[in-house]
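What the coordinates show
Chain by chain, the residues:
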Amino acid sequence: THFGFQTVTEEERREKINQVFESVAKKYDVMNDSMTLGIHRVWKDILVHKMNPSPGTLLLDVAGGTGDIAFRFINYVRSARERQLQRKLRSHQNLSWQEISESYQEEQCKPLGDSQVVVCDINKEMLKVGKQKAQYLGYSEGLSWVLGNAEELPFNDDKFDVYTIAFGIRNVTRIDLALQEAYRVLKPGGRFLCLEFSHVSNPVISRLYDLYSFQVIPVLGEVIAGDWKSYQYLVESIRRFPPQEELKAMIEEAGFFKVDYQNLNLGIVAIHSGFKL
Ligand code: SAM
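Parameters at a glance
- Numbers given to residues run from 1 along each chain, matching the order in which its sequence is written.
- Local features in a predicted model are, by the rule used here, given only for residues with pLDDT of at least 70; side-chain atom pairs are given and counted only at 80 or more, and totals for whole chains, interfaces and linings are based on all residues.
- To define axes, lines are fitted to C-alpha atoms, for helices over the stretch in contact only, and angles between the resulting N-to-C directions are given on a 0 to 180 degree scale.
- In DSSP terms, a helix is any run of H or I states spanning at least four residues, a strand is any run of E spanning at least two, and both are numbered starting from the N terminus.
- Roughly parallel here means an angle under 35 degrees, roughly antiparallel means over 145, roughly perpendicular means 65 to 115, and every remaining angle is called oblique.
- Two helices that cross are described as forming a left-handed crossing if the nearer one is turned anticlockwise from the farther one by less than a right angle, and a right-handed crossing if clockwise.
- What counts as a contact is two residues whose backbone-derived C-beta atoms lie within 7 Å of each other.
- Classification convention: Asp, Glu, Lys, Arg as charged; Ala, Val, Leu, Ile, Met, Phe, Trp, Tyr, Cys, Pro as nonpolar; all other residues, Gly among them, as polar.
- Here, expected helix span is obtained from the residue count minus one, scaled by 1.5 Å.
- Exposed residues have 12 or fewer other C-beta atoms within 10 Å of their own C-beta, buried residues have 20 or more, and partly exposed residues fall in between, where C-beta atoms are placed from the backbone.
- This arc corresponds to the set of directions leading from the helix axis out to the C-beta atoms.
- Defined on buried residues, the nonpolar core groups Ala, Val, Leu, Ile, Met, Phe, Trp, Tyr and Cys residues joined through C-beta atoms within 7 Å.
- What makes two strands pair is DSSP finding at least two bridges between them.
- UniProt positions are given in the numbering used here, feature names are shortened, and annotations may be inferred rather than shown by experiment.
- Viewed with both strands pointing away, a crossover whose connecting path from the first strand over the helix to the second turns clockwise is right-handed.
- To decide whether a residue is near a molecule or strand, its C-beta atom is placed from the backbone and checked for lying within 6 Å of it.

The relative placement of two packed helices comes down to the angle between their axes together with the axis-to-axis distance. Here helix α3 (residues 39-51) crosses helix α4 (residues 68-91) at 50°, and the two axes come no closer than 10 Å. Relative to α4, the element α3 lies oblique. By crossing handedness, the relation of α3 to α4 is classed as right-handed. Together, Lys-44, Asp-45, Leu-47 and Val-48 of α3 and Asp-68, Ile-69, Arg-72, Phe-73 and Tyr-76 of α4 make up the contact between the two elements. Here the residues of the contact of α3 with α4 are counted per class, giving 5 nonpolar, no polar and 4 charged.

With 13 residues, α3 extends 19 Å from end C-alpha to end C-alpha; this agrees with the ideal 18 Å at 1.5 Å per step. The complete set of buried residues in α3 reads Trp-43, Lys-44, Leu-47, Val-48 and Met-51. Axial view of α3: buried residues confined to an arc of 135°, hence all on one face. Here the buried face of α3 lies against α4, β4 (160-166), β5 (186-197), β6 (257-264) and β7 (269-275). Among the residues trailing α3, Asn-52 stands out with phi positive, at a value near 45°.

A few words now on the nonpolar core. Leu-47 and Tyr-163 are the most contacted members of the largest nonpolar core, which has 50 residues in total. Discounting chain neighbours no more than four positions away, the residues touching Leu-47 are Ile-69, Thr-164, Ala-166, Leu-193, Leu-195 and Ile-271. With 15 residues, the next largest nonpolar core counts Phe-21, Met-126, Ile-217 and Val-235 among its residues.

What follows covers the sheet that holds strand β3 (residues 143-147). Taken together, 7 strands build an open sheet; the order of strands is β3-β2-β1-β4-β5-β7-β6 and the sheet is mixed. The strands lining the two open edges of the sheet, one partner per strand, are β3 and β6. Along the sheet, successive strands turn relative to each other by an average axial angle of 15°, direction set aside. The strands touched by α3 are β4, β5, β6 and β7; relative to β5, the strand with the most contacts, the crossing angle is about 160°. Relative to β5, helix α7 (residues 175-185) is tilted by about 145°, and along the sheet it contacts β1 (58-62), β4 and β5.

UniProt records the feature "binding site: S-adenosyl-L-methionine" (unreviewed entry) for Thr-66, Asp-121, Asn-149 and Ala-150 in the present numbering. When you line up the elements, Thr-66 lands in the loop between β1 and α4. On the basis of neighbour counts, which here come to 24 C-beta atoms within 10 Å, the residue Thr-66 falls in the buried class. Once residues lying within four places of it in the same chain are set aside, the contact partners of Thr-66 are Tyr-28, Asp-29, Met-126, Val-129, Gly-130 and Lys-133. Owing to 24 C-beta atoms within 10 Å, Asp-121 belongs among the buried residues under this scheme. Discounting residues that sit within four places of it in the chain, Asp-121 has contacts with Ala-63, Gly-64, Gly-65, Met-126, Leu-127 and Leu-147.

On to the pairing of β4, then. The buried count for β4 comes to 6 of 7 residues, which makes it a mostly enclosed element. Of the strand pairs in this sheet, β1 and β4 are connected by 4 bridges, and their pairing is parallel. Directly across from Leu-60, in β4, lies its bridge partner Tyr-163. Bridging between β4 and β5 involves 6 bridges; their strand directions are parallel. Its bridge partner being in β5, Thr-164 is matched across the sheet by Leu-193. A crossover connection joins β4 to the parallel β5 through α7; in handedness this β-α-β unit is right-handed.

In this fold, Tyr-233 is placed in helix α9 (residues 228-240). Residues Tyr-233 and Gln-132 lie 101 residues apart in sequence; the distance between their C-alpha atoms is 26 Å.

Let's shift gears to the site of the ligand. Contacts to the ligand come from 21 residues, most closely from Ala-63, Gly-65, Ile-122, Asn-123 and Ala-150. At the level of elements, α1 (10-24) and α4 are the ones that each hand at least two residues to the shell around the ligand.

Written out as structure tokens, the structure is:
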């Protein structure tokens, strides 16, 4: 590979990956849209629907970058709260208008209830872009940003209800450590969800996908971000990442139960899920 991963140390590899995301941070969102033709948005929506967070959920989004999963989580919980409130009001038909209005105002003051999402990423630049985006889009309540390494999370044991990692785990130097850390910070009963590029089993689609990845994506990287090498790295990291069954076994190895995965778009992407008991 152009980084010669076979010969570099873990520390050097971590540093190179950090450089990649530092250099792509500002163009990361536009590149994501152009590389996946916007489909990454649907994949992320599916992840959050699978999570189906209820009001009160405490989510840790690792390698959260520019906040896409966190913003979707907030939208989802807001709508769930809204539906909850409507149900509550319907079931209290004998309340006065004043009582209904007070109850509504009280609920609207905390549209997320006690839900919170912590975005954790190793890269300052990605977090900076995420924070600017949050400000621009009006997300603040229940959202925090933490600089940290997935392999050594700066959080206490048994803290979170859900752990997500979207398009992040393949960039982590020691996947086994990241999985152990995910297990440690989840509460018993907590859920692990990983959205990641994976492997296509259909040989024809796989060939077309390879052509697109190796011939088109680095060119897009050069044209849009002036950065051929970073996008070549992204493609290589996808190819080097363990296939679905292998990742499933690694998640089980970390201690998770009921580990399963769902292929999206014939396996271009997969969502792995597991529970801490
Ligand atoms: N989750 C976001 C999304 O889906 O748009 C960002 C994904 S981006 C492809 C990968 C992210 O992983 C980058 O923001 C990078 O800084 C982060 N990352 C790489 N290695 C990491 C590590 N060891 N710990 C935490 N984050 C890491």
